[in-house]
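Each chain, letter by letter, is given below.
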Amino acid sequence: MKRLTVLLICLAALPAAAAPTPVDFNRDIRPILSDKCFFCHGPDAAERKADLRLDTAEGATADLGGYAAIVPGQPEKSEFVARITATDADEIMPPPDSHKTLKPAEIALLTRWIQEGAAYSAPWAYVAPRKHPEPAVKDAAWPTNWVDRFILSRLEAAGLTPSPQADRVTLIRRLHFDLTGLPPSPRAVADFVAVPEDRVEAAWAALVDDLLKSPRHGERLAVYWLDLVRYADTVGYHGDQDHHISPYRDWVVDALNANLPFDQFTREQLAGDLLPGATLDQKVATGYNRLLQTSHEGGVQEKEYLAIYAADRVRNVSSVWMGSTLGCAQCHDHKYDPYTARDFYTMAAFFADVDEAAHLNGEQRRGLNFNSLPSPRPPEIAVPDHADRPRLAELEATLARQTAAGQPTTETQAAIDAIRKRARLSMVTAALPEPRMTRLLPRGNWLDDSGEVVQPAIPAFLGKLETGDRRANRLDLANWFTDAENGAGGLTARVFANRYWYLLFGEGLSRSLDDFGGQGEPPSHPELLDNLAVAYVESGWDTRALIRLLVTSRAYRQSSVVSPALREQDPENRLVARQARHRLPAEMIRDTALAVSGLLVLDEGGRSARPYQPEGYYKHLNFPTRTYVADQDTSQWRRGLYVHWQRQFLHPMMKAMDAPSREECTAQRPRSNTPSAALVLLNDPTFIEAARVFAARVLAEGGTGVAEQIDFACRETLSRPADADERQLLENLLAVTRAEYESDPAAARALLGVGLKPAPDGIDVVELASWTAVTRALLNLSETFTRN
């Protein structure tokens, strides 16, 4: 009787009239079942309870001896409903010891789903995306492209209207930050603001094209890619020694600036060494396979660490290209998705030919000092720096001509040798003649040899690679990742379309950027995400075209100001009725301060830069012990992309601004708001130096009066003049600080001594220090480092 009462209450919770839209399994039901039921009644056969499987229709409706868990259309006859509405602790599901409970609204939704027929759908992420017709909209004048039609259709259905277009200053700052990671110059802002209204669309399109072609664009995208592939300048484990990897980072920047099609971008990283006639750059690209954390300790167990490295590679490659959590199947079948432990090890087998023996095998370690800086990680090759490459090509051509003509070559050869001597070493992939044996490890135990030997293969539920009698290799895997017809190309395209949406709108259409599985969130606009994925593939994997499509949409250009109505109806902005507002990533914060000050050095590529850092920060690093030495030249002012990335001791500024250690794939950085971040902006020597150099610019370039100088400083920092209140506050700050430094000129001199850049000759020390307080305040404003 109690069960019937609860069931009637649940049914009463349903709308009195027919529901406006039917229950959707992937959108409404799978998230509940995955969170509350699949751990015991899901894909993992070893952990399945009561022989009941709820992740498939067959399992859920199977005859359990005269009854079934789910009887489509009849919730009153479904044991599942009886259990989730039970009040007895011995019968209720989920059981109390699971520490999970169903909310009344969830019970009502599950009941309604069964009443509507309990239709199952394949996991949304693993259904190939298809092209959907553009929806009709009432306001036909608002959309500028088909992306807008999908957004507007949902808004109109919800009774909402898009936010107005952001003002032009906000728009150009947003676009510059999103596409280059740098603020616009005051001249660029003024030119865009002055464009006549009837030419704004053309001016916007031209601005987009200019920024996409800028070398700064590849650097901005590279920051995100390096998070995904967990790039760092150090090995991670044990002594966390430096290693030779920076040429890979530079290859990523070059590839993105060249708009290398994403399928080729994938191919060269996973298997550039296997391509016919592999070039130097393609070999450098295979540094991807060597980015994992490694231990250079003398007593490592080779077998143990090969298992650790294999697991690391599986976690990363599946997360980067598939947005999946295949790594969760290392010890057992996946609890929530169709991946098996066997799938985990067959994926690992693709990388069994990657040579890692040099720092693991005792024989091959002889003669190598792995506690040196950088630590050797053969195989390595010499890679000339960017600046040397044109000259090297010219010299090699000259040498060939001289040799053919029988002319002297001594000077030319000497010049070539000098360039090659300056070349950096890089981690490339060298395929072993015979791949290592890969065995399924029961419970992930590297000591257990009882598991079957497996060959490279894709997850079984996703199909099979057709390679005939030939062993599948990394190139086959790379091709499969981007094959939309017979491989995972649709999944990969959907994953990256979602991630680019995140970079440009603040959140993905699915907020689960690294989990397109059962525990992930379905997309808010599934048809739009499908169409973006299809467009990406049909464009020939043209990343620049995809980004251009998004930033030229009306949706992208909406204001980020939240109206009371939107805060009430769509507080999380899942309908995209406005743009996002968030703090810039760590590297962009550094770059913005340096750019505004005039210090920023835009040298491309080369060894990693070492900015100022607290003394003794590395005191706990050993093997070997080390003392950090900051750069004493213009490398000090390079972009954050090029800053030395120490996994165990990430630069404190980067850490305070939520940059990851890059031990694992990071598809989305957290965005915190802490006192530590504010203190970094005030006290890190880089920001103090930037503020005082900026202050010298204000005095030299900002005009004659204080008000004019304050407006100059605000235009440089915020792309707008100060308002009356701001001007008064800054004038007061200047006056108070000037009085303090006049009474203590030694403090002024100490402030101006921070950093390498000397103060201009003959400048008034007190005046420069006083203005430095003003520019420090401006470089600490939320508006300065917020992408609106």
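Residues numbered from 1 in each chain as written. Predicted model: local features only at pLDDT ≥ 70, side-chain atom pairs only at ≥ 80, totals over all residues. Heavy atoms only, no water.

### Focus on the packing of helix H8 (residues 168-180) against helix H11 (residues 215-228)
Geometry of a packed helix pair, given as the angle between the helix axes and the separation of the axes. What counts here: Angles run from 0 to 180 degrees between N-to-C directions of axes, and those axes are lines fitted to C-alpha atoms, restricted for helices to the stretch in contact. For the purposes of this entry, the term helix denotes a DSSP run of H or I that reaches at least four residues, the term strand denotes a run of E that reaches at least two, and both are numbered from the N terminus. Under this scheme an angle from 65 to 115 degrees is roughly perpendicular, one under 35 degrees roughly parallel, and one over 145 degrees roughly antiparallel; angles in between are oblique. Whether two residues touch is decided by their heavy atoms; if any such pair falls within 4.5 Å, the residues are in contact. Note that Gly is not counted as nonpolar here; it falls among the polar residues with everything else outside the nonpolar set of Ala, Val, Leu, Ile, Met, Phe, Trp, Tyr, Cys and Pro and the charged set of Asp, Glu, Lys and Arg.
Contact geometry for H8 and H11: axes closest at 6 Å, N-to-C directions at 70°. One way to sum up the angle between H8 and H11 is to call them roughly perpendicular. Here Phe177, Asp178, Leu179 and Thr180 of H8 lie close against H11, whose contacting residues are Arg216, His217 and Arg220. Tallied by class, residues from the contact of H8 with H11 come to 2 nonpolar, 2 polar and 3 charged.

### Considerations on the environment of Arg578
Test applied: Distance and chemistry together define a polar contact, namely a pair of N or O atoms within 3.5 Å, with one atom able to donate a hydrogen and the other to accept it when in protein, and with adjacent residues in sequence counting only for side-chain atoms on both sides.
Counting through the fold element by element, Arg578 comes out in the loop between helix H24 (564-569) and strand S5 (582-583). For the pair Arg578 and Ala555, spaced 23 residues apart in sequence, the C-alpha to C-alpha distance is 7.4 Å. Excluding residues that lie within four positions of it along the chain, Arg578 makes contacts with Ser163, Gln558, Ser559, Ser560, Val561, Val562, Leu566, Asp570, Pro571, Glu572 and Asn573. Reaching out from Arg578, the side chain makes a polar contact with the backbone oxygen of Pro571 at a distance of 3.1 Å.

### Regarding the packing of aromatic side chains
Stated precisely, the cut-off is as follows: Here a pair means two rings of Phe, Tyr or Trp (six-membered ring of Trp) with centres within 6.5 Å. Their orientation is stacked below 30 degrees between planes, edge-to-face above 60, and tilted elsewhere. Exposed residues in this analysis have more than 50% of their type's maximum accessible area, buried residues have under 20%, and partly exposed residues fall in between, with area computed by a 1.4 Å probe over protein chains only. Here, over-ring charges are defined by two tests on the NZ atom of lysine or the CZ atom of arginine: distance to the ring centre within 6 Å, and angle to the ring normal within 35 degrees.
For the structure shown, the criterion picks out 35 aromatic pairs. For the pair Tyr126 and Tyr339, a centre-to-centre distance of 6.1 Å together with 90° between the ring planes defines the contact as edge-to-face. In this pair, Tyr126 is assigned in the loop between helix H6 (104-115) and helix H7 (146-157) and Tyr339 in the loop between helix H15 (302-322) and helix H16 (341-348), connecting sequence segments 213 residues apart. Considered together, Tyr126 and Tyr339 belong to a single accessibility category, that of buried residues. Between the aromatic rings of Tyr224 and Tyr502, the centroid separation amounts to 6.0 Å while the plane-to-plane angle is 50°, which identifies the pairing as tilted. Taken together, the residues span a long stretch of sequence, with Tyr224 in helix H11 and Tyr502 in helix H21 (residues 489-505) at a distance of 278 residues. The ring of Tyr556 is capped by Arg174, whose NZ or CZ atom sits 5.8 Å from the centre of that ring. The ring of Phe39 carries the charged tip of Lys335 above its face, separated from the ring centre by 4.8 Å.

### Some points on helix H30 (residues 724-743)
What counts here: One less than the residue count of a helix, multiplied by 1.5 Å, gives the span that helix is expected to have. The arc under discussion is defined with respect to the helix axis, by the directions toward the C-beta atoms.
With 20 residues, H30 extends 29 Å from end C-alpha to end C-alpha; this agrees with the ideal 28 Å at 1.5 Å per step. For H30, every residue scored as buried is listed here: Leu730, Leu734, Thr737 and Tyr741. Angular distribution of buried residues about the axis of H30 spans 80°; they occupy a single face of the element. Exposed residues on H30 whose side chains face more than 90 degrees from its buried face are Ala724, Asp725, Leu729, Glu742 and Ser743. Each element contacted by the buried residues of H30 is listed here: helix H29 (706-718), helix H31 (745-752) and helix H32 (765-778).

### Here we look at H21
End to end, H21 covers 24 Å across 17 residues, agreeing with the expected 24 Å (1.5 Å per residue, within 8%). In terms of residue burial, H21 counts as a mostly covered element, since 17 of its 17 residues are buried. Once H21 finishes, Gly506 follows within two positions and takes phi at roughly 90°, a positive value.

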